[in-house]
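Fold and contact review
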Amino acid sequence: MEQIKRRIIDEFNLRKQADDLGVKVWQTPSFMFIVMGLVIVAAMTGVDIISQYYDSPNVLIVSETLVVSILFIIGYFVIHSIESVAQANKMKSEFVAIASHQLKTPIAEMNWQTELLLSKFHEGLSEKQAEIVHEIVHSSSKMARLVNDLLDVARIDQGQLALTKDRVDMCTLVKDVVDSEMAFAKTAGVQVRNTCPAASFEVIGDRRRLSVALDNLISNAIKYTEKGGIVEVILEANGQELQICVRDNGVGIPRSEQVRIFQKFFRSNNSVKNKTDGTGLGLYIAKNIVEQSGGKLWFQSIEHAGSEFYFTLPLA
Ligand code: ADP
């Protein structure tokens, strides 16, 4: 009920809408909608009054033509404002794609040079210097991940996320992703278990992107679970589909925020308070990858008890 009330209030909060869409208040669709409503009411009343005073059909035709012309002009402005919002959105996606693409090479170079320094030339480095270089490696990999995420989001928004069709054994893929998260889990003091009841579960999909989707879910489960917690990754066949569940007994997602969890850049309040690290892009990307691969992604969560993220993929 509270949510519906807030939605209705937001719907008519013209200043907020204008800020969100980056247009002037009079250009917001809701403003146009209200003006159009008022004009229709005024026009109907006007035509009614005119028809009472004047018996001439000519007067009626002229007044109706006038009303239709006004509505036509308002309609033009509505379409124009929607067009400018769509254009701004397209330009934003293009800008993000170009900027991320340009950032990729220098970041990769930085990564490569620092890794080289640590592996080949570390002998001349003092302990403190090596520690600083490690920090640089850590920060540049974080930057690389962010740039990759932004690039993926831009591709999704432009409908250009091209997926390859590999034959992927999901048991192996899950194991690889879990292994790659083990160091993080150890630092966080969280146990990660994975269960695959069959020798293999084959699906047709983009190996790299499926592992990105899975990694987002597993790293979230670890990140949003307190020390001593448990994360489980369970695979099971469900008819013609493979179902994967990533379960944790972590902080959970507040009920009031669950509807917004798959929105770009959305982070729930409890996680912003506890974990400053995060962009709010992981779930948006994971959901798009799974859905483009022919599956579904959903979750259930109880605050302070934990979360279960599920996704399905058609079995090969
Ligand atoms: P990020 O983790 O970078 O903030 P995501 O898109 O992966 O971005 O997740 C969006 C938000 O969903 C997170 O900020 C967090 O609030 C919530 N969330 C996702 N997974 C979990 C989880 N397993 N437990 C609790 N909250 C979660």
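Computed from a predicted structure; not experimentally measured.

Some points on the environment of Leu-163
- In this fold, Leu-163 is placed in the loop between α5 (127–157) and β1 (166–169).
- Since its relative accessible area comes to 23%, Leu-163 is described here as partly exposed.
- On a C-alpha basis, the gap between Leu-163 and Gly-228 in space is 37 Å, while along the polypeptide they are 65 residues apart.
- Discounting chain neighbours no more than four positions away, the residues touching Leu-163 are Asp-206, Arg-209, Ile-289, Gln-292 and Ser-293.

Focus on the site of the ligand
- Around the ligand sit 20 residues, and of these Asn-220, Tyr-224, Arg-267, Ser-268 and Ser-271 come closest.
- In this structure, Asp-248 approaches the ligand through a side-chain N or O atom, which is 2.9 Å from a nitrogen atom.
- A distance of 2.6 Å is found between an oxygen atom of the ligand and a side-chain nitrogen or oxygen belonging to Arg-267.
- When atoms are counted within 2 Å of each cavity's grid points, the one that captures over half of the ligand is the largest pocket.
- Contributing elements (two or more residues each) for the shell around the ligand: α7 (207–223), α9 (282–292) and β7 (306–314).
- For the shell around the ligand, the element with the highest residue contribution is α7, accounting for three residues.
- Classifying every residue of the shell around the ligand gives eight nonpolar, nine polar and three charged.

Some words on the sheet that holds strand β4 (residues 230–238)
- Pairing in this open sheet of five strands is mixed, and the strands run β2-β4-β5-β7-β6 from one edge to the other. At either end of the open sheet lies a strand with only one pairing partner, and these are β2 (191–195) and β6 (297–302). Across the sheet, the mean angle from the axis of one strand to that of its neighbour is 15°, orientation sign disregarded.
- Two elements, β4 and strand β5 (residues 241–248), share eight bridges in a ladder whose sense is antiparallel. Among the inter-strand pairings, Glu-236 is bridged to a residue of β5, identified as Gln-243.
- Across the sheet, helix α6 (residues 170–188) lies against β2, β4, β5 and β7, angled at about 175° from β2, the strand it touches most.
- Most of the contacts of α7 go to β5, to which it runs at about 25°, and overall it touches β2, β4, β5 and β7.

Focus: the layout of surface pockets
- Volume-wise, the largest pocket comes out at about 1,600 Å³.
- Along the walls of the largest pocket sit 50 residues, with Arg-145, Asn-216, Ser-219, Asn-220 and Lys-223 positioned nearest its centre.
- Of all the secondary structure elements, the ones that give two or more residues to the lining of the largest pocket are α5, α6, α7, α8 (269–274), α9 and β7.
- Ranked by residues supplied to the lining of the largest pocket, first place goes to α7 with eleven residues.
- Reported here for the second largest pocket is a volume of approximately 850 Å³.
- Lining the second largest pocket are 22 residues; nearest its centre among them are Asp-10, Lys-16, Arg-260, Gln-263 and Phe-266.
- When residues of the lining of the second largest pocket are traced back to their parent elements, those giving at least two are α1 (2–11), α4 (57–120) and α5.
- Considering every element that reaches the lining of the second largest pocket, the biggest residue donor is α1, with five residues.
- Along the lines of polarity and charge, the residues of the lining of the second largest pocket split into eight nonpolar, five polar and nine charged.

Conventions used here
- Residues numbered from 1 in each chain as written.
- Predicted model: local features only at pLDDT ≥ 70, side-chain atom pairs only at ≥ 80, totals over all residues.
- Heavy atoms only, no water.
- Helix = DSSP H or I, 4+ residues; strand = E, 2+ residues; numbered from the N terminus.
- Buried < 20%, exposed > 50% of the residue type's maximum accessible area, 1.4 Å probe, protein only.
- Contact = heavy atoms within 4.5 Å.
- Near = heavy atom within 4 Å.
- Polar contact = N/O pair within 3.5 Å; in protein donor to acceptor, adjacent residues only side chain to side chain.
- 1 Å grid on protein atoms, 1.4 Å probe; cavity = no way out; pocket = protein on both sides within 12 Å on 5 of 7 lines; lining within 4 Å.
- Sits in = over half its atoms within 2 Å of the grid points.
- Nonpolar A, V, L, I, M, F, W, Y, C, P; charged D, E, K, R; others polar.
- Pairing = 2+ DSSP bridges.
- Axes fitted to C-alpha atoms, helices over the stretch in contact; angles between N-to-C directions.
- Points joined across faces, edges and corners; volume = space filled by probe spheres on them.

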